[in-house]
Amino acid sequence: MSLDGTAAKRIGNTKIGTIMKKYIYILAAVAALASCAKEASINDDLAATNGSDIHELFVSIPDLVDADTKAAISSTDGTFTWTAGDAIAVKTTTGDVYQFTAETGGSQSARFTYTGTMNGTPAEVKYPYTADFSDTALPTEIASLAGALGADAIRMSGTISDNAVTLSHQNALLKVTFTNVPTFANKVVFDGDVNDVTVSGISLGSRGTVVAYIPVDASTTTFTVSVQDDNSNDIATKSTTSAKSFTAGTIKNMKPVDVDGHIFVFNDDDKVDEARFFATDGSTINYETKSYLTLNVLSDGTTKWCILPTLSWSKTGDPVCLQVFKNGTYVSASDAVWLYRDFTFDTTESSLKTTYRIYVYMSDSQWTIWQTQGSGTSVVKFVTWDGLSTPDTNAIQERNADNNGYIFYYEFATSVYGTKTVKYRFYNECNAGWESKNESGVTINRDIWGANL
């Protein structure tokens, strides 16, 4: 069974019957040869070959229904179609069970056949096939985010009428959505009172959205659903405050859960196990306003991470001081990093190497003046000298976090970490007098916020 992007029309109750046995008779005769000396006669041989019974049944799958709106949902959210070779269990009026197999696929209705003798008349159907016509438990492991829409996760049954049947779903589905998910996310885990499911197959190149489908037994249950890394550490979790009812044949849509905050990743040789964050204005550190976070470890044993949640002092655009510890002992620090991005640090040398930045800010009115002074230029140039020499380059421009004005920044490579007395300036490429400088030099071991332009 597969998920088809085009919902197929159901085939109506098409009356079919059992194909009658066909007999092919082969007659072999040997003509008598006569002569004047003798006469012989040969008996005729008669051979008969019996054909096999071929039994047909047309089976249709119903649409799922949105649990809230009661409307049939679109194919992208779970319209199921048969795949050639899918097998169903057919129980007859005598209690015997036979395996019928789909001869075609790609639509919600398909022709199923069984070849052989049959006791009784087909009466009931279950999917997937079991030899004893028993119910099949929902899967506990699903290998892809949309795997619950495939054959292995569907449970259906129905009663045959006029050699055709439209099945009914026996379980419900939960559609879960997580946003701003980090790249090291590995699976979605559903923990319910009735059934548990782990859905894997997450693949992200950058922070993004994960949508997973969870098969749920028809029941009233509380549950917790989490997105986790490859070592079963929770990245984000949502739990119900009261039991939720799941009706067979329906799909519930869980409100999206956002992975809030900035992500800090540490690639190390077991050098750190705790990150401590403190509020700062970029120069003075407030050690009373803080957040201590134990680092989670991925399955490789060397990659660690934490998420600094959005707080009054740690929202996008704010600077924070970061200190790292091992077993309660101080290892290294960076006095200020601005929360305009997520961070990855190399701590193998008991330091905090990363791609530090130098920033400047311009209000909307300042940016207008800058462009006018530069005869319409739309860039801010950046250059360093003395401690580190870089060629002139265009600074990166982004809207400021409060949507008032712009930030411009240059990002240093990790390899220049620790370089001292680096002198720099941001300047207008068309007017060298319209610039910001730091002639005293800075050390590349933190983000720097330059004088406003």
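This one's a predicted model, so the numbers in the text were calculated from it and none came from an experiment. (Residues numbered from 1 in each chain as written. Predicted model: local features only at pLDDT ≥ 70, side-chain atom pairs only at ≥ 80, totals over all residues. Heavy atoms only, no water.)

Participant: Help me understand the packing of aromatic side chains in this model?
Facilitator: Pairs of aromatic rings are described using the distance from one ring centre to the other and the angle between the two planes. The full count for this structure, using the stated rule, is 31 aromatic pairs. Centroid distance Trp338 to Tyr359: 6.3 Å. Interplanar angle 50 degrees. Geometry classified as tilted. Of this pair, Trp338 sits in strand S31 (residues 329–338) while Tyr359 sits in strand S33 (residues 357–362), and the two are 21 residues apart along the sequence. Residue classification places Trp338 among the buried positions, given a relative accessible area of 6%. With relative accessibility at 0%, the residue Tyr359 sits in the buried group. An aromatic cluster is built from Phe264, Phe266, Phe277, Phe343 and Phe345, whose rings are joined through pairwise contacts. (Phe/Tyr/Trp six-rings, centres within 6.5 Å; stacked < 30°, edge-to-face > 60°. Helix = DSSP H or I, 4+ residues; strand = E, 2+ residues; numbered from the N terminus. Buried < 20%, exposed > 50% of the residue type's maximum accessible area, 1.4 Å probe, protein only.)

Participant: Looking at this model, I keep getting lost on the pairing of strand S10 (residues 122–127). Mind explaining?
Facilitator: Both strand S7 (residues 87–92) and S10 contribute to a ladder of four bridges, which runs antiparallel. Across the sheet, Lys91 pairs through a bridge with Glu124, a residue of S10. (Pairing = 2+ DSSP bridges.)

Participant: How should the pattern of salt bridges be read in this particular structure?
Facilitator: It is possible for side chains of opposite charge to pair when their charged atoms get near one another. Enumeration according to the criterion identifies 17 salt bridges in this entry. Glu435 is the partner of Lys437 in a salt bridge, and the nearest nitrogen-oxygen pair spans 3.0 Å. Connected via shared salt-bridge partners are Asp268, Asp270, Lys304 and Lys326. (Salt bridge = Lys/Arg side-chain N within 4 Å of Asp/Glu carboxyl O.)

Participant: What am I meant to see in the nonpolar core here?
Facilitator: As a rule of thumb, nonpolar side chains are buried together in soluble globular proteins. Trp82, Ile88 and Val188 are the most contacted members of the largest nonpolar core, which totals 61 residues. Broken down by element, the residue count for this core peaks at six residues, all from strand S15 (residues 171–181). Excluding residues that lie within four positions of it along the chain, Ile88 makes contacts with Leu57, Val59, Trp82, Tyr98, Gln99, Phe100, Phe112, Val125, Lys126, Tyr127 and Tyr129. Counting 40 residues, the second largest nonpolar core, distinct from the first, contains Val324, Ile358, Phe412 and Phe426. (Core = buried A, V, L, I, M, F, W, Y, C linked by side-chain atoms within 4.5 Å. Contact = heavy atoms within 4.5 Å.)

Participant: Just to check I follow, could you spell out the sheet that holds S31 for this structure?
Facilitator: Each strand in a sheet pairs with its neighbour through backbone hydrogen bonds, running either in the same direction (parallel) or in the opposite one (antiparallel). One open sheet holds the four strands; their spatial order is S27-S26-S30-S31, and the pairing between them is antiparallel. Each end of this open sheet is capped by a strand with a single partner; those strands are strand S27 (285–294) and S31. The average undirected angle you get between the axes of adjacent strands in this sheet is 25 degrees. Across seven bridges, the pairing between strand S30 (residues 319–326) and S31 is antiparallel. (Axes fitted to C-alpha atoms, helices over the stretch in contact; angles between N-to-C directions.)

Participant: Looking at this model, I keep getting lost on the sheet that holds strand S37 (residues 406–411). Mind explaining?
Facilitator: Strand order across the open sheet formed by four strands is S36-S37-S33-S40, with mixed pairing between neighbours. Pairing within the sheet leaves two strands with one partner each, and these edge strands are strand S36 (396–399) and strand S40 (448–449). When S36 meets S37, the two strands line up antiparallel, connected through four bridges. Of the residues in S37, the one forming a bridge with Arg399 is Tyr406.

Participant: Where do I start with the side chain of Asn195 in this structure?
Facilitator: Counting through the fold element by element, Asn195 comes out in the loop between strand S16 (185–192) and strand S17 (196–200). A distance of 3.3 Å separates the side chain of Asn195 from the backbone nitrogen of Asp217, its partner in a polar contact. Setting aside residues up to four positions removed in sequence, Asn195 forms contacts with Leu138, Phe190, Pro215, Val216 and Asp217. (Polar contact = N/O pair within 3.5 Å; in protein donor to acceptor, adjacent residues only side chain to side chain.)

Participant: For this particular structure, what's the right way to read the pairing of S15?
Facilitator: Across a regular strand the side chains alternate sides, sitting on one face of the sheet and then on the other. With nine of 11 residues buried, S15 is to be regarded as a mostly interior element. Here nine bridges tie S15 to strand S18 (residues 208–217), and the two strands are oriented antiparallel to one another. Pairing of Phe178 across the sheet is with Val210, part of S18. Bridging between S15 and strand S23 (residues 250–253) involves three bridges; their strand directions are parallel. Note on S23: the bridge partner recorded for Lys175 is Asn253. Looking at chain direction, S15 and strand S24 (residues 257–258) are connected through two bridges and run parallel. Pairing of Phe178 across the sheet is with Val257, part of S24.

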